[in-house]
Amino acid sequence: MTIMPNSVEARDMAYQMHPMVNLRKYEKSGGLVIESGDGIYVTDNTGKRYIEGLAGLWSVALGFGEKRLAEVAKAQMEKLPYYHSFSYKTHGPSIDLAEMLVKIAPVPMSKVHFTSSGSEANDLACKMVWYRSNALGKKDKKKIIGRIKGYHGVTIAAGSITGLPRNHESFDLPLDRMVHTSCPSYVHFGLEGESEADFTKRMLKDLEDLILKEGAETIAAFWGEPVMGAGGVLMPSDGYWAGVQAILKKYDILLVADEVICGFGRTGKMFACETLGIEPDVLVVSKQISSSYMPLSAIIMNDHFYQPIADESDRIGVFGHGFTASGHPVATAVGLENLKIIQERDLVGNAARLEEKFLGGLAELAKHPLAHSSRGIGLLGALEIKPWADANAGDAAAAIAAACQDEGLIIRNIGEAICFCPPLIITAEQIDDMFGAVARALDTVQ
Ligand code: PLP
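Fair warning: this is a prediction, and the values are worked out from it, not measured in the lab. Residue numbers restart at each chain and count upward from 1, following the sequence in its written direction. Owing to the predicted nature of the model, reporting of local features is limited to residues with pLDDT of at least 70; listing and counting of side-chain atom pairs is limited to 80 or more, with chain, interface and lining totals taken over all residues.

**Q** Pulling in residues and values, what's your account of unusual backbone geometry?
**A** The peptide bond linking leucine 173 to proline 174 adopts the cis configuration, its omega dihedral lying at 0°. Numbering of helices and strands starts at the N terminus; helices are DSSP runs of H or I of at least 4 residues and strands are runs of E of at least 2. Its location among the elements puts proline 174 in the loop between helix H7 (156-161) and strand E6 (178-181). Of note in this structure, serine 170 is not a glycine but carries a positive phi near 70°. Structurally, the position occupied by serine 170 is in the loop between H7 and E6. A count of 6 C-beta atoms within 10 Å places serine 170 in the exposed class. Residues other than glycine seldom take positive phi values, yet phenylalanine 264 does so here, at roughly 65°. Positionally, phenylalanine 264 belongs in the loop between strand E8 (254-258) and helix H11 (272-276). With C-beta atoms placed from the backbone, a residue is buried if 20 or more other C-beta atoms are within 10 Å of its own, exposed if 12 or fewer are, and partly exposed between those counts. Given 30 C-beta atoms within a 10 Å radius, phenylalanine 264 is considered buried.

**Q** Just give me the short version of the sheet that holds strand E13 (residues 409-410), but keep the residues and values in it.
**A** Whether two strands pair comes down to DSSP finding at least two bridges between them. The sheet built from 4 strands is open, its strands ordered E1-E2-E3-E13 with mixed pairing. The sheet is open, and its two borders are formed by strand E1 (34-38) and E13, each paired with just one other strand. Note that E1 and strand E2 (residues 41-44) share 4 bridges and pair antiparallel. Paired with glycine 37 across the strands is valine 42, a residue of E2.

**Q** Run through the site of the ligand, naming residues and quoting values.
**A** Nearness here is judged by the C-beta atom: place it from the backbone, and if it falls within 6 Å of a molecule or strand, the residue counts as near that partner. By nearness alone, 15 residues border the ligand, and Ser117, Gly118, Ser119, Gly153 and Val260 come closest of all. With 3 residues, helix H6 (residues 118-135) is the largest single contributor of residues to the shell around the ligand.

**Q** Tell me about the environment of alanine 75, and please be specific about residues and values.
**A** Within the secondary structure, alanine 75 sits in helix H4 (residues 67-79). On the basis of neighbour counts, which here come to 12 C-beta atoms within 10 Å, the residue alanine 75 falls in the exposed class. Counting along the chain gives 47 residues from alanine 75 to lysine 28, while the straight-line C-alpha distance between them is 42 Å.

**Q** Give me the lowdown on the domain arrangement of the chain, citing residues and values where you can.
**A** Each domain span listed reflects an automatic or database assignment of domains. Here the domain parsing of the chain yields domain 1 (32-65 + 346-445) and domain 2 (70-344). Computed from C-alpha atoms alone, the centre-to-centre distance between domain 1 and domain 2 is 26 Å. By the convention adopted here, residues are in contact when the distance between their C-beta atoms, placed from the backbone, does not exceed 7 Å. Domain 1 puts 25 residues into the contact, and the matching count from domain 2 is 23 residues. Looking at the side of domain 1 that touches domain 2, the elements with two or more residues in it are helix H3 (55-58), helix H14 (347-365), strand E11 (371-377), strand E12 (380-385) and strand E15 (417-420). The element that contributes the greatest number of residues to the side of domain 1 that touches domain 2 is H14, accounting for 5 residues. Nonpolar residues are Ala, Val, Leu, Ile, Met, Phe, Trp, Tyr, Cys and Pro. Charged residues are Asp, Glu, Lys and Arg, and all others, Gly as well, are polar. For the side of domain 1 that touches domain 2, the class distribution of residues is 16 nonpolar, 7 polar and 2 charged.

**Q** I'd love a proper account of the sheet that holds E15, names of residues and values included.
**A** Pairing in this open sheet of 4 strands is antiparallel, and the strands run E11-E12-E15-E14 from one edge to the other. Pairing within the sheet leaves two strands with one partner each, and these edge strands are E11 and strand E14 (412-414). Between one strand and the next, the sheet's axes are offset by a mean angle of 25°, whatever the strand orientation. On the sheet, H14 packs against E11 and E12 and is oriented at approximately 170° with respect to E11. Packing against the sheet, helix H15 (residues 393-406) makes contact with E12, E14 and E15, and its axis sits at approximately 175° to E14. Angles here are taken between N-to-C directions and fall from 0 to 180 degrees, while the axes themselves are lines fitted to C-alpha atoms, restricted in helices to the stretch in contact.

**Q** With reference to specific residues and values, describe the pairing of strand E7 (residues 219-224).
**A** By the criterion of burial, E7 is predominantly enclosed, with 6 of the 6 residues buried. One ladder, built from 3 bridges, connects strand E5 (residues 143-147) with E7; its direction is parallel. When the sheet's bridge partners are listed, isoleucine 145 is paired in E7 with phenylalanine 222. Across 4 bridges, the pairing between E7 and E8 is parallel.

**Q** Report on the confidence of the model for the chain, specifying residues and quantitative values.
**A** Confidence in the prediction for the chain averages 97 pLDDT; 100% of positions are at 70 or higher. Each residue gets a pLDDT score, which is the predictor's confidence in that residue and runs from 0 to 100. The least confident element of the chain is H15, whose mean pLDDT is 94; the most confident is E8, at 99. Model confidence for the complex is summarised by a pTM of 0.97, with the ipTM given as 1.00.

Shown next as structure tokens:
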């Protein structure tokens, strides 16, 4: 593409430093300028329309252009555009949303603390874990177990729990307090001839060995996405979560479930903890909580987690943490309306009903000579790509993602896979359109 001086692309390249790009490459190539969105589609500044196969960044559950969210935001802007939650002040939208989250949580929960991004929520939940250990007089119980390929964000603690080298390298992460155990994706890490049951046993042994090596008395919490998202849609092996929970109970280690991608219907139930039988002490949510129309995230915690923290704040005199935007009234009002719409339109049911079609379509694509296999749950899936003669599987996946974009579909290549996470409003016909574009891309790319 020729980039004209003073074009929107040229000004972007001149002034903006983008996240998650090769900055030198961006200086030369620029990015795709998206101008508008409607339903599952977005349109670029040349008028070309795309299916958004990743719902933006795994987030736009309601699709683009949902008027009710715009109306609620406008009404809240006019009534009370901003207020904070510090110093014994509060406001209606944050109260309403907190109540709703406690009521729909997959396990009994008692309190909600609002933040604005998934990273902040994980970072703060981590600080709360440390605060709680101090409250209990367990000064050495501070280590956190994350997992290889897990993603929990990019702030210092959340980025340290993340188990992806590219989020660590040259940032001087991870912090010493974070240790990592194996990734439970059988497809990727199963050994030649190893059954899935034996793989799960090995994963659980790795976890228990790590706990014993570090010393159980030094480990405060285990962090995990029910299904790993940004690591490449990696499914936990059968029996993994039940085994993990038994080990954590045995060694008195908290379980933090990061449902930033999985929460609010993505796996066919309101929370993936329900789908996979996980009972966390702390649930971290973001993205689909507001369909990302406003930045919003939340830490939902049980009483076992909350009570020692409350005691410690009483001892010190204050819980010394919070953001200017914690529980922002416009964000929480939009979040509440978004969740009401998810419920009214039964979008969780839509994900459950379409799962078979979605996974069936992916399995069909996996028969293509360039594809290796497919996987997924609900409306979250991935197509694993094979290496080609002159390209490794990662480069091949990148080429296929680019070809999909030419075919009018935006999806994301992660490692050797191309990943799908369409808006929850998608229909059966639109799934056919989405996979039709992938099939054309696979046929044209080599
Ligand atoms: N946790 C998970 C599971 C995520 O997938 C993400 C982002 O993709 C985050 C946390 C970080 O969220 P944010 O980008 O809003 O900081």
